[in-house]
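Summary of structural features
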Amino acid sequence: MTKTTDLSKISIQFIKGVGPARMKLFANLGIESVEDLLYFFPRRYEDRRNLCPIAQVKIGEFQTVCGIVESCIERRSFYNRKSVTEAVLDDGGGKVCCVWFNQPYLKSYFKKGTKVVCYGRADVYKNRIQMVAPEYEVIDPEEEQGPAFKSIVPIYSLTKGMGQRYIRNTVRICIDKYHEELVDELPVTLRNKYHLANIKRCITEIHFPQTFEEQEEALRRVSFEEFYFFQISVILRRLSIKSKSGIKQQISDSMALEFINNFPFLLTIAQKKAMRDIRIDMAGDHPMLRLVQGDVGSGKTLVALFGCYTAFKNGYQSCVMAPTEILARQHYDNILKLTDTGALKGLRVALLVNGLKKKERDDIYAKIADGQVDLVIGTHALICEELNFKNLSLVVIDEQHKFGVRQRALLSEKGKNPHVLIMTATPIPRTLCITLYGDLDLSIIDEMPPGRGKIHTVHKSHEEEQAVYEKVKSLLAKGTQAYFVYPIIEDSETVDLKAAEEKYQEFKNKVFKEWNVGLIHGKMKQADVEQTMIDFKSGKIHVLVATTVLEVGIDVPNANVMVIEHAERFGLAQLHQLRGRIGRGKQDALCVLVSDPTTPDGQKRLHAILSTTNGFKIAEEDLLIRGPGHFFGRHQHGLNELKVVNPLSQMDVLELARKEAFELTNQDPVLAKAENHRTKEIIKKRYPNYLLMVAAG
Ligand code: ADP
Ligand code: MG
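Residues numbered from 1 in each chain as written. Chains lettered and ligands numbered in written order. Predicted model: local features only at pLDDT ≥ 70, side-chain atom pairs only at ≥ 80, totals over all residues. Heavy atoms only, no water.

With respect to helix 10 (residues 300-313)
The end-to-end C-alpha distance of helix 10, which contains 14 residues, comes to 20 Å, matching closely the 20 Å that a straight helix rising 1.5 Å per residue would cover. By the criterion of burial, helix 10 is predominantly enclosed, with 12 of the 14 residues buried. Within helix 10, the full set of buried residues consists of Lys 300, Leu 302, Val 303, Ala 304, Leu 305, Phe 306, Gly 307, Cys 308, Tyr 309, Thr 310, Ala 311 and Phe 312. (Helix = DSSP H or I, 4+ residues; strand = E, 2+ residues; numbered from the N terminus. Expected span 1.5 Å × (residues − 1). Buried < 20%, exposed > 50% of the residue type's maximum accessible area, 1.4 Å probe, protein only.)

Right, here's the structure in full:
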């Protein structure tokens with residue numbers, strides 16, 4: 001099995017039409033090699049085999065039409081003075097008016113005489129056919145004769161400065177030139193067993209399918225391969241950790257009760273179960289490797305603290321790593337309250353974040369190294385090389401989807417086979433969870449603490465925005481605080497940021513001028529974001545305009561209103577996480593989704609988020625929606641390791657791959673047999689981080 005050419009080593013500059021400037025753009029998309037590009041799959045497809053003549057458009061249905069721009073104007077809405085762009089398309093047999101809100105720049109795309117394809121739902125408004133915010137693509141006259149026109153057209157994720165047509169052509173050239181060099185990595189036995197097509201054909205069919213069946217079949221083949229090797233790596237990792245001896249830590253029933261009884265509230269049954277799991281694990285022969293999964297607000301912190309308490313009572317140190325400084329501080333403040341008289345009496349806790357003064361930091365380092373600190377709360381700063389523990393026995397990772405396997409491994413190396421406890425609020429169905437985090441044992445917190453207010457979620461269109469502001473004002477007058485959330489999508493980052501900033505100005509100077517308004521977004525200095533959050537938390541700021549930086553874990557019980565603008569542009573999981581920021585106090589909360597969904601999937605997602613606040617149900621719903629586009633953005637899983645496939649849409653393949661991976665590792669747990677050498681090589685190459693621990697041990 002000799003490899004002819006390693007496509008991961010060939011730079012895309014060897015593809016015709018890719019110069020230095022374009023290389024930079026590709027790098028933005030994470031594409032550097034020919035292999036990267038071949039595996040950069042379309043985000044979705046557009047079926048342009050049958051364009052619908054405008055005269056035959058069915059009202060109320062989603063269709064693709066194609067016409068020449070007859071006119072395009074920008075005006076202001078009567079209701080709220082917002083920008084409205086209207087382009088009239090004519091295909092000779094009929095006309096359709098396409099309308100977009102708040103995207104004035106569109107006018108420059110739709111010059112009179114250009115040919116445009118639009119996909120959206122047709123309505124009748126003022127006696128004419130219209131599509132509100134359809135998806136669109138300007139057709140290049142040259143391409144119209146070409147293969148991409150009346151076919152299934154791949155649509156890729158883009159970066160600023162790169163068009164669909166360019167990337168489509170480049171992929172085409174790349175496939176023509178290199179696809180013969182693709183090497184099938186799957187063992188022949190498996191390929192034969194499941195009648196899997198050759199990788200060369202699959203890659204071509206994923207980019208340029210003749211039919212959707214063909215595309216799906218090809219994707220299954222590629223998914224199977226990816227899952228198979230991924231699963232093996234996960235299993236190997238677990239085997240290696242579980243073969244080590246752990247630090248046995250027992251606590252008596254009375255000690256456990258002392259912890260539990262020192263809280264001002266009763267623990268939920270789910271919390272108790274998770275604590276029992278942890279107690280058993282920590283007392284066992286091998287290191288704990290446990291994932292605690294529970295919806296936002298389900299009370300995971302307490303469960304983790306029980307682990308820290310157990311370590312403390314046994315004379316060992318523990319640490320908690322949180323994804324942001326503000327979250328680390330929040331944990332620290334809460335824990336401090338428990339150390340005087342509460343459940344963690346006597347425990348010495350330290351906070352370690354970036355940006356401490358050298359003296360201060362050295363002081364903390366010294367205390368940690370000689371055991372004067374029992375629990376360290378921190379951010380990535382914990383991974384710092386100079387930090388040494390005296391006897392670290394438990395590592396807790398909060399909000400794990402923000403960290404990679406590598407960080408988890410590096411932190412663990414600060415102890416001698418410490419117990420590892422991972423907390424996640426990513427609500428994925430159990431079956432999927434077991435498969436994806438096969439190296440971890442699982443505790444699920446499927447119950448919310450009692451006494452919380454209800455979250456009411458409502459949907460409003462952009463035209464109703466004034467009414468939304470009035471509603472928010474009336475709630476502010478009652479003493480609540482409010483969030484306004486704006487989407488930031490990479491493709492249109494600059495425009496999006498501008499939209500958020502403009503809103504902030506408008507709110508500050510007009511709409512909410514009697515209140516204090518704050519703004520946070522990802523491009524601001526971290527310190528400014530933190531200060532604004534602190535001011536919001538303390539009540540100095542009443543209205544917070546924010547982007548998705550809000551997503552992770554901050555607790556402001558008095559903020560009980562959230563307005564999510566352009567809700568259709570967020571993923572389901574993201575919407576759910578965002579909404580989890582409110583309803584944390586006793587009062588009922590209100591979540592307003594402002595959106596004019598333009599696709600059937602957009603509508604289904606909206607329906608899903610409106611109909612339940614249960615994260616697991618939402619996740620299941622997401623599985624059902626599937627469809628084009630992966631709305632459960634991959635970064636949401638923390639599954640950076642999986643590159644090409646969205647596991648949520650490929651459950652059956654995933655399970656099959658898992659079964660085969662188990663079969664292999666059962667027969668050959670360290671892949672020592674000659675026939676498995678190639679597999680081992682592939683895993684080393686694809687998942688180096690999963691082997692970190694194996695190498696270290
Ligand atoms: P998450 O699972 O999102 O990390 P937290 O651990 O931050 O949730 O808990 C959210 C809030 O609920 C905290 O203010 C915490 O004190 C409170 N809490 C946790 N468990 C209970 C309980 N059993 N009863 C009442 N309140 C609880
Ligand atoms: Mg939490």
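Past the structure itself, the notes keep going.
Regarding the sheet that holds strand 18 (residues 517-520)
Across a sheet, strands are paired by hydrogen bonds formed along the backbone, either parallel or antiparallel in direction. Taken in spatial order, the six strands make up an open sheet running 16-21-20-17-19-18, and their pairing is parallel. What marks the edges here is a single partner per strand, and that holds for strand 16 (455-460) and strand 18. Looking at each pair of strands side by side, their axes are set apart by 15 degrees on average, direction ignored. Both strand 17 (residues 481-485) and strand 19 (residues 543-546) contribute to a ladder of four bridges, which runs parallel. If you follow Ala 482 over to strand 19, its bridge partner there is Val 543. Set on the sheet, helix 18 (residues 572-579) makes contact with strand 16, strand 17, strand 20 (559-565) and strand 21 (589-594); between it and strand 20 the angle comes to about 155 degrees. (Pairing = 2+ DSSP bridges. Axes fitted to C-alpha atoms, helices over the stretch in contact; angles between N-to-C directions. Contact = heavy atoms within 4.5 Å.)

Some remarks on a nonpolar patch on the surface
The grouping of Tyr 105, Tyr 109, Val 138 and Val 495 at the surface amounts to a nonpolar patch, some 310 Å² of accessible area in total. Exposure remark for Val 138: the relative accessible area of 33% places this residue in the partly exposed category. (Patch = residues over 30% accessible without salt bridge, like charges linked within 9 Å, V, L, I, M, F, W, Y side chains within 5 Å. Areas by Shrake-Rupley, 256 points an atom, 1.4 Å probe, with all protein chains shown as cover. Salt bridge = Lys/Arg side-chain N within 4 Å of Asp/Glu carboxyl O.)

Points about the side chain of Ser 11
Relative to the helices and strands, Ser 11 resides in the segment before helix 1 (20-28). With relative accessibility at 19%, the residue Ser 11 sits in the buried group. If near-sequence neighbours (up to four positions away) are discounted, Ser 11 is found in contact with Met 23, Glu 32, Ser 33 and Val 34.

Considerations on the site of ligand 1
What surrounds ligand 1 is a group of 16 residues, the closest being Leu 266, Gly 297, Lys 300, Thr 301 and Arg 452. Leu 266 places a main-chain nitrogen or oxygen 2.8 Å from a nitrogen atom of ligand 1. One of the side-chain nitrogen or oxygen atoms of Thr 301 is found 2.6 Å away from an oxygen atom of ligand 1. Taken by itself ligand 1 offers 570 Å² of open surface, and the protein chains cover 78% of this. (Near = heavy atom within 4 Å. Polar contact = N/O pair within 3.5 Å; in protein donor to acceptor, adjacent residues only side chain to side chain.)

Examining unusual backbone geometry
Residues other than glycine seldom take positive phi values, yet His 195 does so here, at roughly 50 degrees. As for its placement among the helices and strands, His 195 is situated in the loop between helix 5 (188-193) and helix 6 (199-207). For His 195, a relative accessible area of 71% puts it in the exposed group. Non-glycine residue His 566 carries a positive phi angle of around 50 degrees. Within the secondary structure layout, His 566 lies in the loop between strand 20 and helix 18. Overall, the relative accessible area of 17% leaves His 566 in the buried class.

Some words on the side chain of Arg 579
For Arg 579, the location among the structural elements is in helix 18. Of the side chains bearing the opposite charge, Asp 295 lies closest to the buried Arg 579, which forms no salt bridge; the N-O distance is 7.9 Å. In contact with Arg 579, other than residues within four places in its own chain, are Ile 455, Thr 457, Met 562, Cys 591, Ile 609, Thr 612, Thr 613 and Ile 618. (Lys, Arg positive; Asp, Glu negative; His and termini not counted.)

Thoughts on the sheet that holds strand 11 (residues 349-352)
Read across the sheet, seven strands follow the order 11-12-10-13-14-9-15 without closing on themselves; strand pairing throughout is parallel. Across the chains shown, the open sheet's two edge strands, defined by having one partner strand only, are strand 11 and strand 15 (441-445). Taken over all neighbouring pairs, the strand axes of this sheet differ in orientation by 20 degrees on average, direction set aside. Across the sheet, helix 10 is in contact with strand 9 (289-294), strand 10 (317-321), strand 12 (375-378), strand 13 (392-397), strand 14 (419-424) and strand 15; its angle to strand 13 comes to roughly 175 degrees.

What to know about the packing of helix 18 against helix 19 (residues 600-611)
Orientation of helix 18 relative to helix 19, taken along the N-to-C sense of each, is 30 degrees, at an axis distance of 10 Å. Here helix 19 runs roughly parallel to helix 18, going by the angle between their axes. The hand of the helix 18/helix 19 crossing is right-handed. From helix 18, Leu 572, Leu 575, His 576 and Arg 579 reach across to helix 19, where they touch Arg 605, Ala 608 and Ile 609. Partitioned by chemical class, the residues of the contact of helix 18 with helix 19 number four nonpolar, one polar and two charged. (Parallel < 35°, antiparallel > 145°, perpendicular 65-115°, else oblique. Left-handed = near helix turned anticlockwise from the far one by under 90°. Nonpolar A, V, L, I, M, F, W, Y, C, P; charged D, E, K, R; others polar.)

Focus: the nonpolar core
Burial of nonpolar side chains together is a common tendency in soluble globular proteins. Counting residues in each nonpolar core, the largest one holds 51 residues, and the members touching the most others are Tyr 228, Ile 232, Leu 352 and Val 376. Ranked by the residues each element gives to this core, the list is headed by helix 7 (residues 212-242), at 10 residues. Setting aside residues no more than four positions away along its own chain, Leu 352 makes contact with Arg 361, Ile 364, Tyr 365, Val 376, Ile 377, Gly 378, Thr 379, Ala 381, Leu 382 and Leu 387. Core analysis: the second largest hydrophobic core is formed by 42 residues, Ala 256, Val 292, Ala 328 and Val 349 among them. (Core = buried A, V, L, I, M, F, W, Y, C linked by side-chain atoms within 4.5 Å.)

So yeah, pure geometry; function would need other evidence.
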